[in-house]
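As a plain string of letters, each chain reads:
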There are 2 protein chains.
Amino acid sequence: MAGIADVARAASVSKATASRALTGSGYVSEQTRARVVEAAASLGYVASTAAVSLATGRTRNIGVVMPYVSRWFFAEVLEGIQDALLRHGYDLTLYDARPGTEGRTRVFDDFLARKRFDGLIAVGLEPSDNELGRLVSIGRPVVSVVGPPSEAGVVALDDLHAARRATEHLLGLGHTRIAFLGGGGEHQAFVDATRLRGYAVTMEAAGVEPHHVPSAVSLPGGYAAAVDLLGDTRERPTAIVGTCDEVAIGAIIAARRLGIPVPSSLSVVGIDNHEYAEMFSLTTLEQSPQAQGARAAEMLLQRLREPDVPMAEVRLQATLILRSSTAPPPGVPSVAVGSAPAPR
Amino acid sequence: MAGIADVARAASVSKATASRALTGSGYVSEQTRARVVEAAASLGYVASTAAVSLATGRTRNIGVVMPYVSRWFFAEVLEGIQDALLRHGYDLTLYDARPGTEGRTRVFDDFLARKRFDGLIAVGLEPSDNELGRLVSIGRPVVSVVGPPSEAGVVALDDLHAARRATEHLLGLGHTRIAFLGGGGEHQAFVDATRLRGYAVTMEAAGVEPHHVPSAVSLPGGYAAAVDLLGDTRERPTAIVGTCDEVAIGAIIAARRLGIPVPSSLSVVGIDNHEYAEMFSLTTLEQSPQAQGARAAEMLLQRLREPDVPMAEVRLQATLILRSSTAPPPGVPSVAVGSAPAPR
DNA sequence: TTGTATGCGTTATCAA
DNA sequence: TTGATAACGCATACAA
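For clarity, every value in this text was computed on a predicted model and none was experimentally measured.

Focus on the overall build of chain A
- The number of helices and strands found in chain A is 13 helices and 12 strands.
- Whereas a compact globule of 344 residues would reach a radius of gyration of roughly 20 Å, chain A reaches 26 Å, over 25% beyond that.
- Taken along its principal axes, the extent of the C-alpha atoms in chain A is 85 × 50 × 35 Å.
- Buried positions account for 49% of the 344 residues belonging to chain A.
- Nonlocal contacts in chain A, meaning residues at least 24 apart in sequence, comprise 73% of its contacts between residues at least 6 apart.

What follows is the structure, encoded as structure tokens:
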């Protein structure tokens, strides 16, 4: 409970000097600074955040708004943000804003309006116009992870590119009957729509017909959709692009259950490089949600330091990780078989 | 940016009355209260949390400390806490304290010491003596989710009971060669140790030998451990108790890959009723992390309201959910086969 | 380099 | 029932 007055007294200086010594602002002789610091330490002095905030107008706290926290991508981003903020001594207050809930309304109307933070990180928020209005009216810098370009800072995967790469990989192997699994539900997410578009564009450019299979964006969702899709022997595709690894892995599990060998009868590719991807030998386009979260946090803190420099838009390129869930379609010989061995 | 002074002026009352009208403390005539409230609304007045905290000593914020946020259990608990706090208008600031990291030290030494919260919820923290000391020295009420009894409030699953039920279920089906998968690593968690004990005690009481197979507590961890365990045809168990569903599901996936049919050649039971449990037909002992989180939050808020009533210790009993990952061991006829059909 | 005095936006105490 | 005014604990402009 020791206040700065106690510290000042113990070091026999004024509160002002004590404050300067502790915060490192303004001139203080090295001698007295040491005395103050020692006094503070021995008294176990910790500045009251409320008082500091009131006096400075800054909270040393960052707000994070996300629609889910228990889904892999979001949890990973959160960890990345937390890590980065920790390093800079910033606190993190979390706002859960599940789409379509009453809680979400309260978050936008009441909680965010309290401005208990110096800046905001919005992860996959997809705000309505109304919500977006509230967001900007808060008057604090915002960085979003995932999502379309905006005036705020953005850190996101280049979804179009990732989906294109995934599709091209399968086309390159000789597949033509390639289905895209994911999205299309009630709360169609921007990410999934973009990836679907990347897939569709690539398919059309190659002169083959795209085939979108709606699916909940989760492992059980991918499983269920794949069971339906693969159960019909006649129209069965030879390859699947999952909108994310969870969906792709669900499809692999479904295939195994149905006795369809992967990759010899069915190729599957995902986007993420999820924690489980290796265990399922999933070929995928890697992104790092943790790195994205950390990057967003750094960008926001940078902005707080220098309010004048405009914030950037960072588009990350996913890199293909080849594992063994993809191969040429049945009947088509492997490329390696038909060509000369590559020189070493 | 409107302050309470602006509201007061607009309603032509003093700041004091404005404050009383808005906070609902002290006498205010219904007439003026309405005037003040309307003025506040039309000005878009939102009280400065910093000023309120400074004046009242309360933050309307709850700190949550957990070692992971991306693991299923923790993420679910977090959602439960968030939900409950939201309903009561409380903010949530999150502290990530992964065991063995430098960040964890900083959380305990610096971040928590700032006391930016009225109370703390510790989820599966397993603090060292040193850390525990810091925790109590903060002087704020604490509720822990998961973990041993303490002076603080506790909300947790009865792990001993859950593991016993799981083991008894398998014993009752006629299994004798039952392995326990999970825990035993470097950061042996209290939960896993307790569940292991519940298993071991039950096995010994039944006169059969317990067999603990160490495993990382995750789906890939369970998979890897099960591949090793089941690969050895000679010493293969007929049943597995997973310390949690993730481990159990990993084991099921491993069994499928190895061509071992579940449940006819191998029974698997878990603890959790994880999001994926149904999709793998996993028999399991259900608990609700969300409910535990919400319960902990309510308990803490209750304590803040009435500081005198001591906090309780809530032990939840898991309930067995029968799916089709468990059956009698090979060679032993199903109970139903050997007995008269049950009356309808 | 240090000290004095004021402000930050509320709530709470005391009179009126 | 209301209003003036003093905390709350710190940072900072200004003076010394």
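Side note on the pairing of strand β10 (residues 283–286) of chain A
Residue and element names in this part refer to chain A.
- Alignment of strand β9 (residues 267–272) against β10, held across 4 bridges, turns out to be parallel. Paired with Val-269 across the two strands is Thr-283, which belongs to β10.
- Two elements, β10 and strand β12 (residues 319–321), share 3 bridges in a ladder whose sense is antiparallel. Each residue of the ladder has a partner; that of Thr-284, found in β12, is Ile-321.

What about the protein's contact with DNA strand C?
- Lining the immediate surroundings of DNA strand C are 27 residues, of which Ala16(A), Gly3(B), Ser19(B), Ala51(B) and Ala55(B) lie closest.
- Looking at the surface near DNA strand C, the elements that each hand over two or more residues are α2 (15–23) and α4 (49–56) of chain A together with α2 (15–23) and α4 (49–56) of chain B.
- Grouping the amino acids of the surface near DNA strand C by side-chain chemistry returns 14 nonpolar, 11 polar and 2 charged.

A few points about helix α3 (residues 30–43) of chain A
Residues and elements named next belong to chain A.
- In this model α3 runs 20 Å from its N-terminal to its C-terminal C-alpha over 14 residues, within 8% of the 20 Å that 1.5 Å per residue would give.
- The complete set of buried residues in α3 reads Arg-35, Val-36, Ala-39 and Ala-40. Around the axis of α3, the buried residues are gathered within 130 degrees of arc, so they sit on the same side. In this structure, α3 carries Glu-30, Gln-31, Ala-41 and Ser-42 as exposed residues pointing more than 90 degrees from its buried face.
- At its buried positions, α3 is contacted by α1 (4–10) and α2.
- Within two residues after α3, Gly-44 carries a phi angle of roughly 65 degrees, on the positive side.

What to know about the domain arrangement of chain A
Residue and element names in this part refer to chain A.
- You can read the domains of chain A as domain 1 (4–56), domain 2 (61–157 + 289–316) and domain 3 (159–287 + 320–341).
- With centres defined by C-alpha atoms, the gap from domain 2 to domain 3 works out at 31 Å.
- With 9 residues of domain 2 at the interface, the matching set in domain 3 holds 10 residues.

Observations concerning the relation of the copies chain A and chain B
- Once turned by 180 degrees and shifted 0.1 Å along the axis, chain A lies on chain B with an RMSD of 0.1 Å. Such a combination of turn and shift is consistent with a two-fold rotation axis.
- Comparing contact sets, 100% of the residues at the interface of chain A also lie at the interface in chain B, consistent with an isologous, same-surface contact.

Concerning the protein's contact with DNA strand D
- Neighbouring DNA strand D are 29 residues, the closest being Gly3(A), Ala16(A), Ser19(A), Ala55(A) and Ala16(B).
- Looking at side-chain class alone, the surface near DNA strand D contains 15 nonpolar, 11 polar and 3 charged residues.

Some details on the packing of α4(A) against α4(B)
- Two elements in contact, α4(A) and α4(B), have axes separated by 8 Å at closest approach and are oriented at 135 degrees. Relative to α4(B), the element α4(A) lies oblique. Like other packed secondary-structure pairs, α4(A) and α4(B) cross with a definite hand, here left-handed. Here Ala50(A), Ala51(A), Ser53(A) and Leu54(A) of α4(A) come into contact with α4(B), specifically with Ala50(B), Ala51(B), Ser53(B) and Leu54(B).
- In the contact of α4(A) with α4(B), the residues fall into 6 nonpolar, 2 polar and no charged.

Let's talk about the packing of helix α5 (residues 72–87) of chain A against helix α12 (residues 289–305) of chain A
All names here are of chain A.
- Direction vectors running N to C along α5 and α12 enclose 45 degrees, while the axes themselves pass 7 Å from each other. As judged from the angle between their axes, α5 and α12 are oblique. Considering how the two elements wind past one another, α5 and α12 form a crossing that is right-handed. Across the interface between the two elements, Phe-73, Glu-76, Val-77, Leu-78, Glu-79, Gly-80, Ile-81, Asp-83, Ala-84 and Leu-85 from α5 touch Pro-289, Gln-290, Ala-291, Gln-292, Gly-293, Ala-294, Ala-296, Ala-297 and Glu-298 from α12.
- Tallied by class, the residues present in the contact of α5 with α12 amount to 11 nonpolar, 4 polar and 4 charged.

Considerations on the sheet that holds strand β6 (residues 178–181) of chain B
Residues and elements named next belong to chain B.
- Read across the open sheet, the 6 strands follow the order β7-β6-β8-β9-β10-β12; overall the sheet is mixed. Of all strands in the sheet, those bounded by a partner on one side alone are β7 (211–213) and β12 (319–321). The mean inter-strand angle of the sheet, taken between neighbouring strand axes irrespective of direction, is 25 degrees.
- Across the face of the sheet, helix α9 (residues 190–205) comes into contact with β6, β7, β8 (239–242) and β9 (267–272) while running at roughly 170 degrees to β6.
- The strands touched by helix α10 (residues 219–231) within the sheet are β6, β7 and β8, with β6 carrying the most contacts at an inclination of about 150 degrees.

Description of the interface of chain A and chain B
- At the interface, 33 residues of chain A touch 33 residues of chain B.
- At the level of secondary structure, the elements contributing two or more residues to the side of chain A that touches chain B comprise α4, α5, β2 (91–96), α6 (102–111) and α10 (219–231) of chain A.
- With 8 residues, α5(A) is the largest single contributor of residues to the side of chain A that touches chain B.
- Of the residues that constitute the side of chain A that touches chain B, the class distribution is 18 nonpolar, 6 polar and 9 charged.

Points about the sheet that holds strand β6 (residues 178–181) of chain A
Residue and element names in this part refer to chain A.
- Pairing is mixed in the open sheet, where 6 strands are placed in the order β7-β6-β8-β9-β10-β12. The sheet is open, and its two borders are formed by β7 (211–213) and β12, each paired with just one other strand. Here the strands of the sheet are splayed against their neighbours by 25 degrees on average, with no regard to which way each runs.
- One ladder, built from 3 bridges, connects strand β8 (residues 239–242) with β9; its direction is parallel. Counted as the bridge partner of Ile-240 is Val-268 from β9.
- The strands that helix α8 (residues 159–173) touches are β6, β8, β9, β10 and β12; relative to β9, the one it contacts most, it runs at about 160 degrees.
- Sitting on the sheet, helix α11 (residues 245–257) touches β6, β8, β9 and β10, and the angle it makes with β9 is about 155 degrees.

Topic: the environment of Lys115(B)
All names here are of chain B.
- In this fold, Lys-115 is placed in the loop between α6 (102–111) and β3 (119–123).
- C-alpha of Lys-115 to C-alpha of Thr-59: the two residues are 56 residues apart in sequence and 9.1 Å apart in space.
- Those residues in contact with Lys-115 that lie beyond four places of it in its chain are Ile-138 and Arg-140.

Looking at helix α12 (residues 289–305) of chain B
Residues and elements named next belong to chain B.
- Under the 1.5 Å per step criterion, the end-to-end length of α12 is 24 Å for 17 residues, consistent within 8% with the ideal 24 Å.
- Taken together, the buried positions of α12 are Pro-289, Gln-292, Gly-293, Ala-294, Arg-295, Ala-296, Ala-297, Met-299, Leu-300 and Arg-303.
- For α12, the secondary structure elements touched by its buried residues are β1 (61–66), α5 (72–87), β3, β4 (142–145), β5 (153–157) and β11 (313–316).

Cut-offs applied
Residues numbered from 1 in each chain as written. Chains lettered and ligands numbered in written order. Predicted model: local features only at pLDDT ≥ 70, side-chain atom pairs only at ≥ 80, totals over all residues. Helix = DSSP H or I, 4+ residues; strand = E, 2+ residues; numbered from the N terminus. Rg over C-alpha atoms; globule rule 2.2 N^0.38 Å. Buried ≥ 20, exposed ≤ 12 C-beta atoms within 10 Å, placed from the backbone. Contact = placed C-beta atoms within 7 Å. Pairing = 2+ DSSP bridges. Near = placed C-beta within 6 Å. Nonpolar A, V, L, I, M, F, W, Y, C, P; charged D, E, K, R; others polar. Expected span 1.5 Å × (residues − 1). Arc of directions from axis to C-beta. Domains from an automatic or database assignment. Least-squares fit on C-alpha atoms with pLDDT ≥ 70 in both. Axes fitted to C-alpha atoms, helices over the stretch in contact; angles between N-to-C directions. Parallel < 35°, antiparallel > 145°, perpendicular 65-115°, else oblique. Left-handed = near helix turned anticlockwise from the far one by under 90°.

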